[in-house]
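Listed below, chain by chain, are the residues.
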Amino acid sequence: MTDFLVVYEGDLHARVSTEDEATIDAAVRRQITTGQDELLVLTGVDGQPYKVRASRITGWTASTEDTRRFNRELDVELKQERPAWDRDD
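The structure presented is a predicted model; accordingly, all values stated were derived computationally and were not measured.

1. Looking at the overall build of the chain
Helices and strands together make up the secondary structure of the chain, namely two helices and five strands. Written out in order from the N terminus, the α and β elements of the chain read β-β-α-β-β-β-α. Here the chain has a C-alpha radius of gyration of 17 Å; the compact-globule value for 89 residues is 12 Å, and the former is much larger. For the chain, the spread of C-alpha atoms along the three principal axes comes to 55 × 30 × 20 Å. Counting every position in the chain, which comprises 89 residues, the buried fraction comes to 24%.

2. Focus: the nonpolar core
Of all hydrophobic cores here, the largest spans 13 residues; its most connected members are V16, I24, L42 and I57. At the level of secondary structure, the elements contributing two or more residues to this core comprise β1 (4-9), β2 (12-16), α1 (21-34), β3 (39-43) and β4 (49-53). The leading source of residues in this core is α1, at three residues. Each residue touching V16, except ones within four places of it in the same chain, is listed here: F4, L5, V7, I24, L42, T43, G44, V45 and Y50.

3. A short note on the pairing of β2
Bridge analysis of β1 against β2 gives five bridges, and the strand direction is antiparallel. Each residue of the ladder has a partner; that of V6, found in β2, is R15. In sequence, β1 turns back onto β2 through a hairpin of two residues, with G10 there showing a positive phi of about 65°.

4. Side note on the confidence of the model for the chain
The predicted coordinates of low-pLDDT regions are not to be read in fine detail. Of the residues in the chain, 92% reach a pLDDT of 70 or more, and the chain-wide mean stands at 92. At the level of individual helices and strands, the chain shows its lowest average pLDDT in helix α2 (residues 65-86), which scores 85, and its highest in β3, which scores 98.

5. Topic: α1
When the terminal C-alpha atoms of α1 are compared, their 20 Å separation across 14 residues agrees well with the 20 Å that a helix rising 1.5 Å per residue should span. Residues of α1 that are buried make contact with β1, β2, β3 and β5 (59-63). Of the residues trailing α1, G35 is marked for its positive phi of about 80°.

6. Quick look at the environment of F4
Tracing the backbone through its elements, the reader meets F4 in strand β1. Here the alpha-carbon distance between F4 and E65, two residues 61 residues apart in the chain, equals 9.6 Å. Those residues in contact with F4 that sit more than four places away from it in its chain are R15, V16, T18, V45, T61, A62, S63 and R68.

7. Considering the pairing of β1
Looking along a regular strand, one sees side chains alternate from face to face of the sheet. With five of its six residues buried, β1 lies for the most part within the structure. Inspection of the sheet shows β1 paired to β5 by five bridges, in the antiparallel sense. Within the sheet, the bridge partner assigned to V7 lies in β5 and is W60.

Rules of the game
Residues numbered from 1 in each chain as written. Predicted model: local features only at pLDDT ≥ 70, side-chain atom pairs only at ≥ 80, totals over all residues. Heavy atoms only, no water. Helix = DSSP H or I, 4+ residues; strand = E, 2+ residues; numbered from the N terminus. Rg over C-alpha atoms; globule rule 2.2 N^0.38 Å. Buried < 20%, exposed > 50% of the residue type's maximum accessible area, 1.4 Å probe, protein only. Core = buried A, V, L, I, M, F, W, Y, C linked by side-chain atoms within 4.5 Å. Contact = heavy atoms within 4.5 Å. Pairing = 2+ DSSP bridges. pLDDT = per-residue confidence, 0-100. Expected span 1.5 Å × (residues − 1).

Structure (structure tokens):
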């Protein structure tokens, strides 16, 4: 799987091209500093357009093979620790 951005829009999220990061950053900054909202047409990982207003974006993060591997390893460690949390010591 290739790298992508996860764009959060409230409780929703979408996976878009990493090439859209500068566009997202600039539009969100403009919206915060000037109040100017705009409709962004981003590229979904499936190649389809993903439309969202800058004012609706609550955050975004890059997802890379390294971050996904780290998250998988962390999930395994947390699952191994879980039984200790459930004990009534």
